[in-house]
Every structure is written in C-alpha cells, then in structure tokens.
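Reading the structure
Here is what each chain is made of, one letter per residue.
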Amino acid sequence: MIDKLLPLDLTPATEISQRIQTLKEKMAQAGVDGVFLTHRPDYYYFSGSAQDAWLYVTLEHEPLLFVKKYLPRAVAESPLTQIIQVLSVTEIPQIIQDSHGGFAKTMGIAFDLVPVRDFRFYQSLFFGCAWQDASPLIISCRAIKSEYEIGIMRDVAKISSRVFDFIAENLEPGIRETDLAGRIEAFARTQGHSGRLQVRHYRSVGFTFHIMGGASGGQSGALDSPVCGTGMYTAFPFGAGTRVIEKNDPVLIDFGTMAFGYHMDESRMFVTGKMDRRADAASRAAIDILFHIKEAMKPGVAMKTIFQIAVTMADRFGYGEQFLGFPGLKSKFIGHGIGLELVEDPIISKGRSTLLEPGMVFAVEPKFIFKDRFAAGIESVIQITETGSRFLSTIPNKVFMV
C-alpha cells in the first residue's frame, strides 16, 4: 500500500551515492571520522527520506539511517541499505557500538543548527568523541547542485511562472495585500507548491506572501532584506499587510515557491494602470543591474566583485541612497544560495572572497526602497555554468502592466 501512495520524486540511488561519496571526501580532508545529521533538509539530502530520523555517516562504513517514525515510508523512499527502526535516539549509540565496534573518534555535527541543550545531550550519548563543526562540510556539499537537482529546480521554476501569470491575471485595484496573498497561495497550492518554505537559521523566517503596494514597500523593518513590507501584526512584521492596493500603485511581489523539496525565490514589479515615473525608472534600473551582473557571474569570479558591480551600477543610475535599503541599514548581499532551503550558503555579499563555481545557484535581487513611497526591484534565480551563467527563472524579467 505504501508504494501506491508514494510521491514520484524519489531521489535516485546514484544521486544519493554520489552525495555520500562527496561528503566522505570532505570529511577525510577535514579530519572528521563521522558525522551525525539531525536537520531534516540535511539528512534528506544524503538519504532521500525526510521521515523523523537521524543519519550517521562514517568514513569506513555504510551510512546508518535511524528512523523513529515512519520506517516503511523511509525504506520505500531511501536507497540506503542500512535503515534501522529506533523508538528513541538513546538507542542509537548501542546500535553503532554493536555494528561498528565503537564511535567515530572525531564526530561532526551541524553547530549552526543544533541547540546547545541537544548538543550536550548528544555528547552524553556518544561519550569519548571529540566533536567538530560539520556545518561547512554539509553546506559545501549542498552548494554545488547536480544536474538532477537543476532539473528539479527547472520544474519548480515552471510552477512559479504559472503563479506569476496568475498574479498578472488577478491583480486589481481595491484588494488588500493580504487578501491577494491568500488568493496567490491558494492557486500556488493547486500547482504543486508545498505551502511552506524551509529556512536554516533559527532567527530566520520563511514565508510565501511578500506583497508590498505603494507606501507599504517604502517601510523598512525586521527582515534581513532590502525591503520588508508591513505585515499584519507586530508579532510577525513582514510581508503582506492590510493596505489596499490602489490603481497606479507600484507593487513589488516577492513569492517563494517550494516543490519537490526545492525552492524558487522570485520578485517582479506590477502596476494596474500607469506606474509613477520614478518607480518605473527604478524598476527598469533594477532589471538592467540584474542582467549586467548576470553577465559577470562566471566561474572564478569573487562574490564580492559581483556585489560591488551592483553597487557601482546603482550609484551610476543615481539610486545609491535607495539601493539595498535605507542608509545605515543596507543589506550587505545582492544574492543568496537557494535549493533545499530558501536561503543557503554561499551568499553574494560585500566582503565574500569565495569564488563562483559551476553548479552554484543563486537568487539575485537588486532592489530599491524609497522611504514612505514604494519599493522597486526584481529577483531571479541564476545558475553558474561551466562557462558563465544562465537563468533558471522562466518568468519574463520585466515590469508587468496589468
């Protein structure tokens, strides 16, 4: 019965095998004998199953996937050969002792994610291990997307494109931002959107409905982004609010889509009627910046170079003060990695010397904020290729006049 109900997006065994091999190579280089994965997107990436589980990977043995709930689905989903039922994480150490004859001497765990209390608990279970941060190893594996992953992201891009077509067909004056957000999300669910976005950092928030009409876009706020929106409540002051979208309003819509486990993060400008001259000029400047930095995004180019190109162009257009946020509060990035999580490392930021590599995928977002007036900008997803870059986004890079 399980097989009949399973989704069709099972990760191929060859893909999982290559990911495990890459992780082991990075572990060996870092002097880490084993890693204990507790974060769902991480162990999903290396196992193919997102059931309630823990994944243990060592240099000398086959990976062990310990499943608390639900074993039949995990077995059907994952190509790993060692999938073991446990009722509690406390059973895992003894199973490893019996199977491997002991623990890894140097144990890696994701320090960027695991709470201190949980870490101390794991320390007590895996006694005698020297612990090391495995986050850089995990993140560097996930930063380079395979052709299989790129194919999935292309499929997600098609869903996102249909959502933006729906927006263009349904945006009308007189609707509240939050009501429009509800309509968009409802349609997106019919197209395959999972209904939530995955984020890695515990202080981050992932939400689908980022809609900012007119003056709503001119408000800065708590979000680590050039633009924020007002939100509906002080407890969640991000994204769509209660403002009514009016005719001729410049409307920035940033919609995140997640399907098959992967994300797209895209923004476009919309207007019903005629857009304000300055908003129109800023929107088109953002598009020019996007295309210009895309041409500069090639293997071997430092990420800080891409950031500086964007800033220089914004200054040249006369929008240096508005670019990437209010003066003194400007975002220090122009693009972020994207994949199993909405925002992934690496980040194309001001001081990042990391070089671009084939297989990296970024959501690139040149945006302006005009205080108390409007926001203007664009965001598209770009893949680094062997010789340059290409758009994974299929939504036209334009201002939508509806």
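These lines cover the structure that appears in this document, whether it is placed above or below. Everything numeric here is computed off the predicted structure, so don't read it as measured data.

1. Re the pairing of strand E1 (residues 34-37)
Neither face of E1 is left uncovered, since the one carrying Gly34 and Phe36 and the one carrying Val35 and Leu37 both have all their residues buried. When E1 meets strand E5 (residues 106-109), the two strands line up parallel, connected through 2 bridges. Bridging across to E5, Val35 finds its partner in Gly108. Note: E1 against strand E2 (residues 52-58), 4 bridges, orientation antiparallel. Paired with Gly34 across the strands is Thr58, a residue of E2.

2. Here we look at the packing of helix H3 (residues 40-47) against helix H7 (residues 135-143)
For any two helices packed against each other, one specifies the crossing angle of their axes together with the interaxial distance. Here H3 crosses H7 at 60 degrees, and the two axes come no closer than 11 Å. The orientation of H3 relative to H7 falls into the category oblique. At the point where H3 passes H7, the crossing takes the left-handed sense. Between H3 and H7, the residues in contact are Pro41, Asp42, Tyr45 and Phe46 and Ile138, Cys141 and Arg142, respectively.

3. Focus: the sheet that holds strand E7 (residues 209-213)
Sheet strands associate in pairs through backbone hydrogen bonding, adopting either a parallel or an antiparallel arrangement. The sheet built from 4 strands is open, its strands ordered E7-E8-E9-E17 with mixed pairing. Each edge of the open sheet carries a strand with a single partner, namely E7 and strand E17 (399-401). Adjacent strand axes in the sheet meet at a mean angle of 25 degrees when their direction is disregarded. Alignment of strand E8 (residues 251-259) against strand E9 (residues 262-271), held across 9 bridges, turns out to be antiparallel. Paired with Thr257 across the two strands is Met264, which belongs to E9. Together, E8, E9 and E17 form the strand contacts of helix H8 (residues 147-170), whose direction differs from that of E9 by roughly 25 degrees.

Conventions adopted
- Residues numbered from 1 in each chain as written.
- Predicted model: local features only at pLDDT ≥ 70, side-chain atom pairs only at ≥ 80, totals over all residues.
- Heavy atoms only, no water.
- Buried < 20%, exposed > 50% of the residue type's maximum accessible area, 1.4 Å probe, protein only.
- Helix = DSSP H or I, 4+ residues; strand = E, 2+ residues; numbered from the N terminus.
- Pairing = 2+ DSSP bridges.
- Axes fitted to C-alpha atoms, helices over the stretch in contact; angles between N-to-C directions.
- Parallel < 35°, antiparallel > 145°, perpendicular 65-115°, else oblique.
- Left-handed = near helix turned anticlockwise from the far one by under 90°.
- Contact = heavy atoms within 4.5 Å.

The values are spatial; any link to function lies outside them.
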